[in-house]
Amino acid sequence: MFGLILLWNLTKEMLLNFHHSMFDFRCGCPHQLKNMSIRGLKKKQPKTFKVRIITVDAEMEFSCEMKWKGKDLFDLVCRALGLRETWFFGLQYTIKGMCTWLKMDKKVLDQEIPKEDPISFHFLAKFYPEKVEEELLQEITQHLFFLQVKKQILDEEIYCSPEATVLLASYAVQAKYGDYDPNFHEPGFLAHDELLPKRVLRQYQLTAEMWEEKITAWYAEHRGIARDEAEMNYLKIAQDLEMYGVNYFPIAQNKNHTDLLLGVDAKGIHIYSINNRFSPNKSFEWSSIRNISCSEKELTIKPLDKKAEVFKFFSSQLKVNKLIFQLCIGNHDLFMRRRKVDSIEIQQMKAQAREEKARKKMENQRLAREKQLREEAERAKEELERRLFQLEDEARQANEALVNILVLDGLSWFGSRMFLTPGIVAQTRLEEFLITGRRQGTKKNLCPQLRSQEAAELLAEKAQIAEEEAKLLAQNAAEAEQERQRLEITALKSKEEKRLMEQKMREAELIAVKLVKESDRRAKEAEHLKQDLHEAREAERKAKQKLLDITRLNYPHMAKYPQYSPGDSRDATFDKGSVKLDLKDIDLKRLSFEIERERLDYLEKSRKFEDRLKELKSEIHALKLEEKQAGLCSHWNEVLGSLHRSLGSVQQHDSDVIYI
C-alpha cells in the first residue's frame, strides 16, 4: 500500500512538471531548452580589427583577427598583390614622428602601433637588390621598386643630376604612354605629369614647354621599348646613384654630440659626415664585418681583421639603435643569400621569368612586324591616293584648257565634228594650224591662235598620258583583286584542311584511347596468365614431391631383392608423368609465344600511331603558318576598296572630258 502511494505521488509530480514546462514553451519561454539550442547552433566568431595598407599607387583594407602576428598580415598583403619575392618588402608605420617596421614574429596589436581605426601601414621596399636586372624576377616586384625609386627621386630623397633626371623622366614617360606618336602626343601632353624634382626646376630657368621638349627628344628615341623594359632601364640608371638604397641615421662617436651619419645598404655600413651624403668617410663591407652588437644606445662594429680598430657609436634613441640593428641583420642575410646556391623556389622563379621574357620578346617582335607591314601598306595607299589626286588634277586642268580653246576658236567650226573626242579634235586643229603656219612663214610670225593651239596639243598629250596611267592603275587594281581572291580561296582551303586535320586528330585520339584500353586489357590478361603459370608450376612441384614420397613408402627394401624390378613400373610411371609434364611445358610455351606475339603487335601499332601523330602535328603546324600568311587579306581588301573608289572618280572625270 505504501509503495502504491509513493508511486502515485511520483507520477503526479512528474505530470505537474511536464505541464509547467509545456505551458512555459507555449508562452514563448522555453528557458534552458532555448538557450541550449542557441548555443549549439551559434558559432563563436573571432574578433577582428581593420587595417589599411597603402602602396605607392593604391590603397587596400583588410579585416585581421586579434591574434594575428605581423607575418600573417604581411602574407595576406603579398597574396593580394600576387607577390612572391617577399624578402625585399615590409610594412612600415610612423609612431611619435619615427618610421619603423612591423615585426613579423610578434602579434600586431602587441606592438607599438598607432591607435587609430583603421590602422595604417605602408607597404614599401625595406631592402634593395645589388643588381636589379639579376635579382628582380617578377614584373610586379619590378613595378613596385620603379614606383618607389621614382617617388624618392622626385621627393629629393635620392640626389640625381639634371641630365640624368631628364633621361629618367623619358623612360618614365615611355613606361606610361608607350611609343611616341607625334599625331597623338601633341605639345602639352606632359603638363599634368610630375617628372622632374623641384630642385632641378628651380636651378634652371626654363619654361614647362622647354622641359617638355627636352624630355620628348629622349622619349622619341625609346621607340619599341615595352613598359617593363622601360622600368628596368630606369632602375638600372637609378641603382648607380650614390644615395640609392641607403638608409641614413644620425649618430655620434660620443654621447654628447651627433656629428655623423650612418648609412646601411645592400653592400655594407658606411659612415658619412653630416653635410655630405655622397661619399662616405669610412665603409664596412658585409664580407669584412665579424660581428655587430647592440647594447642600449651603443652599437659596436667589429671588423673581421682582429687587428683593425673596433668602431663604436651612439644613437639618439634606443628605438633608432634597434632599427639600425634590424636593417643590418636583414641586409647581411640577403648578402649571404646572394652568394649561395639558389633554392628550388628561386630556380623555378628564374625559369618562369626567362620563359615570360622570351614569350614577351616574341610577342613584341610579332607586333612590331605587323605594325611595320601596316605602316608600309598605309604608305603605299597614301602614295597611290596622292598619285591619283595628281592625275585627277592634271586631267581637270587639261579639260579646262581644252574647253577654253574651244570657246576661243568658236563652237560653230567644230559643229560637224562633235562626235570626235577632244584629243582627236585638238590633233586635227593642230595639223591645220601647222600647215597654215608653214604657208605664212616662220614660227616668229605665227598668230596667237597657233600658240594657243600648241598649248592645246601639250595639254592633250598630258590628258592622254593621264588616261594611260589611269588604265595602268586600273590594271594593277584588277591584278591585286585577283591576288586577293586567290588568297581568299587559299584561306578557305586551309580552313577546310584544318577542319579535316582536326577531325583526323579526334579520330587519332579515339584510336589512342582504344589502344590504351586494349593495352590495359592485355596487361591484365598477361598478369592472369602469369598467375596461372605460377600456379601450374607450383602444382607440378607438389605432384613431383608427392610422387617421390609415395615411391619411398611403397618400395623401402629395393636393395634386398634385386631380382624384383619395381623400378620398371616406377619408370613407367615416371614416363607417363614426363609425358604430362611435356604436354604442360608445350602449353606454357605456346601461351608464352602468344603473349610475346601480342606484345610485339602492340608495340608495332604504338609505333605506327606515334608516326601518324607526328605527321598530323607537322601538317597542323604548316596550316597555322598558311593561316598567318593569309591573315593580311582583310587589310588588302580595304586598300583595294579605296583604289576602286579612286579609279571610279578618275573614270568619271575622263568621261566628262570625252563628252564635252
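Conventions used here
- Here the residue index of a chain counts from 1 through its sequence in written order.
- Given that the model is predicted, a residue must reach a pLDDT of at least 70 before its local features are reported, and side-chain atom pairs must reach 80 or more before they are shown or counted; all residues, however, enter totals for whole chains, interfaces and linings.
- With hydrogens and water excluded, all non-hydrogen atoms of the structure serve as input to the side-chain values.
- Strand pairing requires that DSSP identify at least two bridges connecting the strands.
- Strands are runs of DSSP state E lasting at least two residues, helices are runs of H or I lasting at least four, and both sets are numbered from the N terminus onward.
- Every angle, taken between N-to-C directions, lies between 0 and 180 degrees, and every axis is a line fitted to C-alpha atoms, over only the stretch in contact when it is a helix.
- The working definition used for a salt bridge is a side-chain nitrogen of Lys or Arg within 4 Å of a carboxyl oxygen of Asp or Glu.
- Residue exposure (1.4 Å probe, protein chains only): buried if accessible area is under 20% of the type maximum, exposed if over 50%, otherwise partly exposed.
- Using a 1 Å grid laid over the protein atoms alone, points where a 1.4 Å probe fits but cannot get out form a cavity; open sets with protein on both sides within 12 Å along at least 5 of 7 lines form a pocket; any residue with an atom within 4 Å of a point counts as lining.
- Grid points are joined across faces, edges and corners, and a volume is the space filled by probe spheres set on the points.
- Take the buried residues of types Ala, Val, Leu, Ile, Met, Phe, Trp, Tyr and Cys, join any two whose side-chain atoms come within 4.5 Å, and each joined set is a nonpolar core.
- Residue contacts are defined here by distance: any two heavy atoms, one from each residue, within 4.5 Å place the two residues in contact.
- Any helix carries an expected span of 1.5 Å times its number of residues minus one.

### Considering the sheet that holds strand E10 (residues 289–295)
Turning to step 1, where the next piece is worked out: With antiparallel pairing, the seven strands of this open sheet are ordered in space as E9-E8-E7-E6-E12-E11-E10. Each edge of the open sheet carries a strand with a single partner, namely strand E9 (282–285) and E10. Sheet twist, expressed as the average angle between the axes of neighbouring strands with direction ignored, equals 30°.
Turning to step 2, where the next piece is worked out: In this sheet, strand E7 (residues 260–264) lies alongside strand E6 (residues 247–252) in antiparallel orientation, the contact comprising five bridges. Its bridge partner being in E7, Asn 247 is matched across the sheet by Val 264.

### Description of the pattern of salt bridges
Turning to step 1, where the next piece is worked out: Applying the stated criterion across every chain yields a total of 26 salt bridges.
Turning to step 2, where the next piece is worked out: For the salt bridge of Asp 179 with Lys 371, the shortest nitrogen-to-oxygen distance reads 3.7 Å. Taken together, the residues span a long stretch of sequence, with Asp 179 in the loop between helix H6 (162–177) and helix H7 (198–203) and Lys 371 in helix H11 (residues 344–409) at a distance of 192 residues.
Turning to step 3, where the next piece is worked out: A salt bridge links Glu 356 to Arg 359; its shortest N-O distance comes to 2.4 Å. Residue Glu 356 and its partner Arg 359 are located together in helix H11, separated by three residues, close to a single helical turn.
Turning to step 4, where the next piece is worked out: Given the relative accessible area of 33%, Glu 356 is considered partly exposed.
Turning to step 5, where the next piece is worked out: Judged by its relative accessible area of 45%, Arg 359 falls in the partly exposed class.
Turning to step 6, where the next piece is worked out: Residues participating in the shared-partner salt-bridge network are Glu 139, Arg 227, Asp 228, Glu 231 and Lys 360.

### Some words on the pairing of E7
Residues in a regular strand project their side chains so that they alternate between the two faces of the sheet.
Turning to step 1, where the next piece is worked out: Judged by how many residues are buried, E7 sits mostly within the fold: five of five residues are covered.
Turning to step 2, where the next piece is worked out: Here E7 shows a buried face lined by Leu 260, Leu 262 and Val 264 and a second buried face lined by Leu 261 and Gly 263.
Turning to step 3, where the next piece is worked out: In terms of strand pairing, E7 meets strand E8 (residues 268–273) through five bridges, oriented antiparallel. Note that in E8 the partner of Leu 260 across the bridge is Ser 273.
Turning to step 4, where the next piece is worked out: Counting the residues between successive antiparallel strands, the hairpin from E7 to E8 contains three residues.

### Considerations on the layout of surface pockets
Turning to step 1, where the next piece is worked out: Size it by volume and the largest pocket reaches roughly 790 Å³.
Turning to step 2, where the next piece is worked out: Along the wall of the largest pocket there are 29 residues; nearest its centre are Gln 92, Cys 99, Gln 152, Glu 157 and Asn 247.
Turning to step 3, where the next piece is worked out: Taken together, the elements giving at least two residues each to the lining of the largest pocket come down to strand E4 (98–101), strand E5 (119–125), helix H5 (139–154), E6 and helix H10 (318–338).
Turning to step 4, where the next piece is worked out: If you tally residues by element for the lining of the largest pocket, the top one is E4, at four residues.

### A few points about the nonpolar core
Turning to step 1, where the next piece is worked out: Of all hydrophobic cores here, the largest spans 95 residues; its most connected members are Phe 121 and Phe 123.
Turning to step 2, where the next piece is worked out: With eight residues, the single largest contributor to this core is H6.
Turning to step 3, where the next piece is worked out: Beyond its immediate stretch of four places on either side in the chain, Phe 121 contacts Val 51, Arg 52, Ile 53, Ile 54, Leu 73, Leu 91, Gln 92, Tyr 93, Leu 102, Val 108 and Ile 113.
Turning to step 4, where the next piece is worked out: Counting eight residues, the second-largest nonpolar core is a separate cluster that includes Ala 508, Ala 512, Leu 515 and Leu 616.

### Some words on the sheet that holds E5
Turning to step 1, where the next piece is worked out: Reading across from one edge, E2-E1-E5-E3-E4 is the order of the five strands in this open sheet, with mixed pairing throughout. Two strands lie at the open edges of the sheet, namely strand E2 (59–65) and E4, each paired on one side alone. When the angles between neighbouring strand axes are averaged without regard to direction, this sheet yields 35°.
Turning to step 2, where the next piece is worked out: Across the sheet, helix H3 (residues 70–81) is in contact with strand E1 (48–54), E2, strand E3 (89–95) and E5; its angle to E2 comes to roughly 140°.

### Details of H5
Turning to step 1, where the next piece is worked out: Here H5 is 16 residues long and its end C-alpha atoms lie 22 Å apart, about the 22 Å a rise of 1.5 Å per residue gives.
Turning to step 2, where the next piece is worked out: Within H5, 12 of the 16 residues are buried, leaving the element largely enclosed by the surrounding structure.
Turning to step 3, where the next piece is worked out: Along H5, the residues that are buried comprise Thr 141, Gln 142, His 143, Leu 144, Phe 145, Phe 146, Leu 147, Gln 148, Val 149, Gln 152, Ile 153 and Leu 154.
Turning to step 4, where the next piece is worked out: Buried positions along H5 lie against E3, E5, H6 and helix H9 (227–238).

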